[in-house]
Amino acid sequence: MDGESELAARFRAGDIRALARAISLVERRDPSVRALETPPKGGEGSAAVVGFTGAPGTGKSTLVDALVTLLRKQGKSVSVIATDPNSPFTGGAILGDRIRMQRHALDPKVFIRSMGARGHLGGLSLATREAIRLLGAFGFDQVILETVGVGQSELEVAAVADTTVVVMTPNLGDGVQMIKAGILEIADIFVVNKADLDGYQRVAMELRAMLSLNAPGATGAAASKPWKPPIITTVAARQEGIDELWAAIESHRRYLETSGRAQELAAKRLKDETAEVVADLARQQARLALGEDGALTEQLLKDGSPYRAAEEILNRIGSDGRKRGRG
Amino acid sequence: MPVDTAVRPVRILVAKVGLDGHDRGVKVVARALRDAGYEVIYTGLRQTPEMVVDAALQEDAQVIGLSIHSGAHMTLFPAVVQELKRRKATDIVVFGGGIIPEDDIVALKKKGVAELFTPGTPLQEIVDWLRKRFPQGGG
Ligand code: B12
Ligand SMILES: Nc1nc2c(ncn2[C@@H]2O[C@H](COP(=O)(O)OP(=O)(O)OP(=O)(O)O)[C@@H](O)[C@H]2O)c(=O)[nH]1
Ligand SMILES: [Mg+2]
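Residues numbered from 1 in each chain as written. Chains lettered and ligands numbered in written order. Predicted model: local features only at pLDDT ≥ 70, side-chain atom pairs only at ≥ 80, totals over all residues. Heavy atoms only, no water.

As for the coordination of the cobalt atom of ligand 1
- Within the protein, a single donor atom binds the cobalt atom of ligand 1, namely His22 of chain B (NE2) at 2.1 Å.
- In this fold, His22 of chain B is placed in the loop between strand S1 (11-16) and helix H1 (24-35). (Donors = N, O, S within 2.8 Å, 3.2 Å for Na, K, Ca; no water. Helix = DSSP H or I, 4+ residues; strand = E, 2+ residues; numbered from the N terminus.)

So this is what it looks like as structure tokens:
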């Protein structure tokens, strides 16, 4: 047996370590585990995905921990992917979200994985999508994502999660008005966490006012029945408001199914992902070609612009693919 | 055409085991390892050997780093090594630091702990040790 199929056998047999290794392979965009992403024939294999995003320290990990507690009471198996930013200088990272989820340590139905958000070839969303498929194929009922709301990461969460939860707190320095562009569009649910602190009503009120100004921009099947993001207040540290949060998540999932939005999203995601995979593969081949081919680089430098070299590389990929298709 | 695969980054899980609140050292070391390009998973205080190993398996860590200042190092380090055997994961390297007398270091190394660093160790020395142990990945 070679290494690859041995990993596959252990994965199918439910070995946590095989799952963990498969996710590492996916993180570095190694194609050898792709076969594992499809569940064995007849099996279940796609998990529901909820994503949490928000400014640092708003209580995302504590909320995830509280939600895992609730889902475990319902008997569901849960996996968590928690991302933290990598240092742009060294690529290193300190991944500390697990600290708040220690309650679930040693529960065999809870799997927690920390990921560095940047520095992966192809970006966070590609690796996360593949990891989610692995977790689904492994048999988890629910996947929860946590991402720090900096850079592009919240947009990437929204691109992979079925339901996106944006977390805010009363002590957000710059107030609701300064909320980052794009957040209103991606939030399916708002959580105002730390409702044990002063000022949470004001945050909720300002948020409500802002949402009423921004008519939802739904398109396609959902345009006639737009979703209105609810605002849930929680005290995650005391497990308060978590039932309401879960009810909102379930209600959003029902909305996706009954409005036809679920199918639209699934199709759009597959198309987007395909485009990303193509771009990813092409980028790899371009780097290789430019690294190896002295004549091509010489031509490129003489041209002083990328277009001729780009076309040449695309032509080579095309003829390579056709050759492979025939052979 | 050949496929361009990145090297596997070295992932290091660091933890405080037992009832020991001295977390300054482990945090300083975690930051130094991050700055050296490693992915460090910090699981916090009051971990048991079972929790540490279970988390390391889920995180696909190649290295476990324990920080112990409580005097319980002679039971906790071997307990983690033992738990790794039980989970069939002896390829995971165990190292660490804290308040550990010279004689105990010798004894622990015989029991499967790869290296131990005591107070005052320059952080670069810890990074250099990892670089030597894992020349293929990391920073
Ligand atoms: C600061 C300190 C405290 C602070 C801790 C603050 C905190 N959040 O960390 C406070 C005041 C809370 C404290 C409390 C206590 N302390 Co105290 N404390 C110290 C002190 C003075 C310095 C520790 C420190 O932070 N050093 C700085 C860091 C950077 O160094 P470091 O931790 O040693 O880490 C280095 C290496 O050890 C190694 N390393 C450490 N961890 C790791 C992990 C990995 C993976 C790697 C690779 C390397 C590595 O690399 C680091 C860089 O060189 C030491 C004495 C000393 N000089 O060490 C006593 C000391 C550790 N404390 C001691 C004691 C007894 C206590 C108390 C029990 C006192 C009491 N009776 O109440 C309590 C217990 C608290 C608890 N819950 O555990 C004793 C321990 C004795 C022993 N084990 O035999 C010491 C040695 C003092 C002494 N000489 O008696 N303490
Ligand atoms: N007062 C109060 N504090 C809370 C609540 N929920 C979480 N916290 C605290 O807020 C701090 C940050 O919590 P985390 O769950 O780590 O927040 P996070 O959003 O995951 O943080 P990052 O991952 O670093 O962005 C911790 O000290 C928590 O104990 C709450 O409901 N009320
Ligand atoms: Mg967090």
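As for the interface of chain B and chain A
- The interface of chain B with chain A comprises 33 residues on the first partner and 35 residues on the second.
- Our count for the contact surface shared by chain B and chain A stands at four salt bridges.
- We note a salt bridge from Arg98 of chain A to Glu59 of chain B, for which the minimum N-O separation is 2.6 Å.
- Breaking the side of chain B that touches chain A down by element, the ones donating at least two residues are H1, strand S2 (39-42) and helix H2 (49-58) of chain B.
- Top element by residues in the side of chain B that touches chain A is H2 of chain B. It accounts for six residues.
- Classifying every residue of the side of chain B that touches chain A by side-chain character gives 15 nonpolar, five polar and 13 charged. (Contact = heavy atoms within 4.5 Å. Salt bridge = Lys/Arg side-chain N within 4 Å of Asp/Glu carboxyl O. Nonpolar A, V, L, I, M, F, W, Y, C, P; charged D, E, K, R; others polar.)

Notes on the packing of aromatic side chains
- Within this structure, the stated rule accounts for seven aromatic pairs over all chains.
- Seen from their ring centres, Phe11 of chain A and Phe138 of chain A are 5.2 Å apart, and the 75° between their planes marks the pair as edge-to-face. With Phe11 of chain A in helix H1 (residues 3-12) and Phe138 of chain A in helix H4 (residues 123-138), this residue pair connects regions lying 127 residues apart in the sequence. Residues Phe11 of chain A and Phe138 of chain A agree in their burial class; the two are buried.
- Centroid distance Phe117 of chain B to Trp129 of chain B: 6.3 Å. Interplanar angle 80°. Geometry classified as edge-to-face. Of this pair, Phe117 of chain B sits in strand S5 (residues 115-117) while Trp129 of chain B sits in helix H5 (residues 123-133), placing them twelve residues apart in sequence. Just as Phe117 of chain B is buried, Trp129 of chain B falls in that class too. (Phe/Tyr/Trp six-rings, centres within 6.5 Å; stacked < 30°, edge-to-face > 60°. Buried < 20%, exposed > 50% of the residue type's maximum accessible area, 1.4 Å probe, protein only.)

Section: the site of ligand 2
Residue and element names in this part refer to chain A.
- Taken together, the neighbourhood of ligand 2 is formed by 17 residues, with Lys60, Ser61, Thr62, Asp97 and Arg100 sitting nearest.
- Contact between ligand 2 and Asp97: an oxygen atom at 2.9 Å from a side-chain N or O atom of the residue.
- Arg100 is positioned such that a nitrogen or oxygen atom in its side chain is 2.7 Å from an oxygen atom of ligand 2.
- Here ligand 2 loses 74% of its free accessible area of 650 Å² to cover by the protein chains.
- Here the shell around ligand 2 gets three residues from one element, more than from any other, and that element is helix H3 (residues 60-73).
- Class assignment for the residues of the shell around ligand 2 results in five nonpolar, six polar and six charged. (Near = heavy atom within 4 Å. Polar contact = N/O pair within 3.5 Å; in protein donor to acceptor, adjacent residues only side chain to side chain. Areas by Shrake-Rupley, 256 points an atom, 1.4 Å probe, with all protein chains shown as cover.)

Points about the site of ligand 1
Residue and element names in this part refer to chain B.
- As a matter of local geometry, ligand 1 sits amid 24 residues, with Gly21, His22, Asp23, His69 and Thr121 nearest to it.
- At a separation of 3.1 Å, an oxygen atom of ligand 1 approaches a polar backbone atom of Arg24.
- Listing elements by their share of the shell around ligand 1, those giving two or more residues are H1, strand S3 (63-68) and strand S4 (93-98).
- Among the elements that take part in the shell around ligand 1, S4 stands out by supplying four residues, more than any other.
- Residues that form the shell around ligand 1 fall into these classes: seven nonpolar, 14 polar and three charged.

What to know about the coordination of the magnesium ion (ligand 3)
Residue and element names in this part refer to chain A.
- On the protein side, the magnesium ion (ligand 3) has Ser61 (OG), Asp97 (OD) and Glu146 (OE) as donor atoms, found 2.1 to 2.2 Å from it.
- Binding-site remark: the magnesium ion (ligand 3) is held by donors from one chain whose sequence spacing is S-x35-D-x48-E. Linking Asp97 in the loop between strand S3 (93-95) and strand S4 (110-116) with Glu146 in strand S5 (residues 142-148), this pair joins segments that are 49 residues apart in sequence. Here Asp97 matches Glu146 in class, with each residue buried.

With respect to helix H3 (residues 73-86) of chain B
All names here are of chain B.
- With 14 residues, H3 should cover 20 Å at 1.5 Å per step; its first-to-last C-alpha distance of 20 Å lies within 8% of that length.
- Taken residue by residue, H3 has His73, Leu76, Phe77, Pro78, Val80, Val81, Glu83 and Leu84 as its buried positions.
- Looking at the packing, one finds that the buried side of H3 touches H2, S3, S4, helix H4 (102-110) and S5.
- Trailing H3 by a residue or two, Lys88 shows a phi angle of about 55°, which is positive. (Expected span 1.5 Å × (residues − 1).)

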